[in-house]
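Below, each chain spelled out in residue letters.
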Amino acid sequence: MSDFVQRPGALEHTHCTAEQYRRLYQNSLADPDRFWLDQAGRLDWFVAPRTGGNWSYDPVEIKWFEDGTTNLCHNAVDRHLNARGDQPAIIFEPDDPASPSRTLSYAQLFVEVIQMANALKAIGVRRGDRVTIYMPNIVEGVTAMLACARIGAIHSVVFGGFSPEALAGRLTDCDSRFIVTADQAVRGTKPVPLKANVDAALEREGVNVESVLVIRHTGADITMAEGRDHWFHAVASDDDVPCEPMAAEDPLFILYTSGSTGKPKGVLHTTGGYGVWAATTFHYIFDYRQGETYWCTADIGWVTGHSYIVYGPLMNGATSLVFEGVPNHPDFGRFWDVVDKHQVNILYTAPTAIRALMREGDQFVTSRSRASLRLLGSVGEPINPEAWRWYYEVVGESRCPIIDTWWQTETGGCMITTLPGAHDMKPGSAGLPMFGVRPELVDAEGGVLEGEAEGNLCITASWPGQARSVYGDHERFVQTYFSTYPGKYFTGDGCRRDSDGYYWITGRVDDVINVSGHRMGTAEVESALVLHDKVAEAAVVGYPHDIKGQGIYCYVTLNAGEDGSEALEAELRQHVRREIGPIATPDRIQFTDGLPKTRSGKIMRRILRKVAEDDYGSLGDTSTLADPSLVERLIAGRRDS
Ligand code: PRX
């Protein structure tokens, strides 16, 4: 077909041709238990599993490898000590390019994980405890995760860009009594007061934290609460800390993510299935070759960081680069400087970064060598074909395959992608299902669509990396993912399947928006807005944004007597940043005297989306609105704003 881009010929996948993919994929569907028990052999187990999947979507109960015991810290670190103790495990590149980078061998990583495990034990952490990690993207963030896994504690990483308010919500939800943080983070020279944010979060009602472990990172002045706060360097030690044998279904981590309604959900992943999924997908999708340097530009605060900075690469004995900085500091060539400096072979980044760099012109790229690059990856949101082509032709000089990996916090790892050097690519299409993944497109009524079609993307059979529950609220898990189309996992994404069987993700079909690859519930931004004492009502929708993919568009009605001034607009922006964090900053705020509601009071979001998109030709039927004349005023307001 004409929309194929042939894979660059010189780079065959080292262990999977298109034919082998077909065979393995078929095997994985024909006999999933056998297939996944084979793949489970990628990990070391204390007790090897003999059971594959044991799951049901009605009622919802998901287990994989339930009779096995393992430990993912052992698999990521200890097991490599004999064969590759001296090989780099982590290369750390700091925010400031003038500061030295650090390379840790697997043997050194082991020492630092042990020190962290001792520090956690010293502040009282025990097996099963939830530990909140609120850190910059630095080595200690990684060792904190691995140390939790080692001692059987459950990590809950909260992105360092979240506000004290958002942090407090995530602490109370899982009743976390321990925090690992740093004095400060820096991103593009801008300091982020992590410890001060923790102090503020701990004042919120319902937060019940006993001990805070603090890493000295920038050396900034901070206050330490006697008895509660502990410097890492004061409590760390080198005592032996063995890996706890964990049942495959023991929780590994909680990661909060946004949905259509309510507050963020604590997505729960367990040990064995997640481990096998992260290890297997990394192996096949990145086709890592020993000695290569692999760089995922995500932050450990997101699932991409969990699976493809930490667990996937390290379980495969890879060298994983951890980058503290941002793409535009000191200039828009930073990514390519890092690539050249550390001879990066595999780069995995997000479309929003690609678009932002593309806008600055080719010279930032072409002035750097990039000769080491072999493979390019994209994740987090749909990549538009123009950005794909720039990534392929300018960054990769048409010699590096691109993998566009579709997945979610809930899926644990990549679900749809081409395999590099095995499959031809199509710009804008994620490609083909990973082993064991059964995608299905359904229409609004749940009717199954065959062949070439566009509909809502469901997955009809469980895979090892699937989330098991929402922490503390299994009913919410069932409601959110399994009630729209009973018996199926509903992803929340729209999708098209073409005549070659390639999948094209079209974006969320629910009230979730994707801003710069960050997933946000419109309801969260609305709740933040209405907390402001001048705001009566708010409705938030996404709209197309050149760089961010989607921007945040807020319709706000004010309390009687208040006027929608520019000053108030700025104040509301600040207010949302304070409540959630800078990633939730509204792009546009439109004051309106009302929201379009049906006579029964339901907000017609379809109309709000169309107005935000500046697309008035297809507003659809507006006659059921309680006040149809409002639409004209909304449009006039949009044009003025
Ligand atoms: O809409 C899809 C989009 O990101 C959502 C998942 O967000 P999150 O849980 O934060 O995980 C992001 C990193 C895996 C999906 O529902 N998405 C993710 N990857 C792609 C994508 N949309 C299109 N193409 C992708 N490659």
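Please read these numbers as outputs of a predicted model, since none were measured by experiment.

K.L.:
Quick rundown of the overall build of the protein chain? Include the residues and the values.
P.N.:
Helix and strand counts for the protein chain come out as 20 helices and 33 strands. Its C-alpha radius of gyration of 24 Å places the protein chain within 12% of the 26 Å reference for a compact globule of 641 residues. Along the first, second and third principal axes, the C-alpha atoms of the protein chain reach 75 × 65 × 55 Å. In the protein chain, which comprises 641 residues, the share counted as buried stands at 59%. For the protein chain, restricting intrachain contacts to residue pairs at least 6 apart in sequence, the fraction spanning at least 24 positions comes to 72%. Summed over all atoms, the accessible surface of the protein chain reaches about 23,400 Å², with 48% contributed by carbon and sulfur. Considering the protein chain, the positive charge centre built from 60 side chains and the negative charge centre built from 85 side chains are found 1 Å apart.

K.L.:
Give me the side chain of Thr 280: which residues, what numbers.
P.N.:
Along the chain, Thr 280 falls in helix α10 (residues 272-286). Reaching out from Thr 280, the side chain makes a polar contact with the side chain of Arg 42 at a distance of 3.5 Å. Discounting chain neighbours no more than four positions away, the residues touching Thr 280 are Trp 36, Gln 39 and Arg 42.

K.L.:
For the packing of aromatic side chains, give the residues involved together with the corresponding values.
P.N.:
Each pair of aromatic rings is reported with the distance of its centres and the angle of its planes. Going through the model one piece at a time under the given rule, you end up with 38 aromatic pairs. Ring centres 5.1 Å apart and planes at 65 degrees place the aromatic pair Trp 295 and Phe 335 in the edge-to-face group. Remark: Phe 335 occurs in helix α12 (residues 334-342) and Trp 295 occurs in strand β16 (residues 293-296); sequence separation between them is 40 residues. There is no split in this pair, since Trp 295 and Phe 335 are both buried. When the centroid spacing of 5.9 Å and the interplanar angle of 80 degrees are considered together, the rings of Phe 335 and Trp 336 count as edge-to-face. We classify Phe 335 as buried; its relative accessible area is 3%.

K.L.:
Residues and numbers for the environment of Ala 430, please.
P.N.:
Position of Ala 430 relative to the elements: it lies in the loop between β21 (416-417) and β22 (432-433). The residues contacting Ala 430, other than those within four sequence positions of it, are Asp 404, Trp 406, Ile 416, Thr 417, Thr 418 and Tyr 503.

K.L.:
Please set out the site of the ligand residue by residue, giving values where relevant.
P.N.:
Neighbouring residues of the ligand: 16 residues in total, closest Asp 404, Thr 405, Thr 409, Asp 493 and Arg 519. Here a nitrogen atom of the ligand and a backbone polar atom of Glu 381 are 3.3 Å apart. Note that an oxygen atom of the ligand is positioned 2.9 Å from one of the side-chain N or O atoms of Gln 408. Elements that contribute at least two residues to the shell around the ligand include exactly β20 (402-405) and β28 (503-508). Partitioned by chemical class, the residues of the shell around the ligand number 5 nonpolar, 6 polar and 5 charged.

K.L.:
So, the sheet that holds strand β23 (residues 439-442): which residues are in play, and what are the values?
P.N.:
Taken together, 5 strands build an open sheet; the order of strands is β24-β23-β25-β27-β28 and the sheet is antiparallel. With one partner strand each, in any of the chains shown, β24 (448-449) and β28 form the two edges of the open sheet. As defined by bridge partners, β23 adjoins strand β25 (residues 453-459) across 4 bridges and the pair is classed as antiparallel. Across the sheet, residue Glu 440 finds its bridge partner in β25, namely Cys 458.

Conventions and cut-offs
Residues numbered from 1 in each chain as written. Predicted model: local features only at pLDDT ≥ 70, side-chain atom pairs only at ≥ 80, totals over all residues. Heavy atoms only, no water. Helix = DSSP H or I, 4+ residues; strand = E, 2+ residues; numbered from the N terminus. Rg over C-alpha atoms; globule rule 2.2 N^0.38 Å. Buried < 20%, exposed > 50% of the residue type's maximum accessible area, 1.4 Å probe, protein only. Contact = heavy atoms within 4.5 Å. Areas by Shrake-Rupley, 256 points an atom, 1.4 Å probe, with all protein chains shown as cover. Lys, Arg positive; Asp, Glu negative; His and termini not counted. Charge placed at Lys NZ, Arg CZ, Asp CG, Glu CD. Polar contact = N/O pair within 3.5 Å; in protein donor to acceptor, adjacent residues only side chain to side chain. Phe/Tyr/Trp six-rings, centres within 6.5 Å; stacked < 30°, edge-to-face > 60°. Near = heavy atom within 4 Å. Nonpolar A, V, L, I, M, F, W, Y, C, P; charged D, E, K, R; others polar. Pairing = 2+ DSSP bridges.

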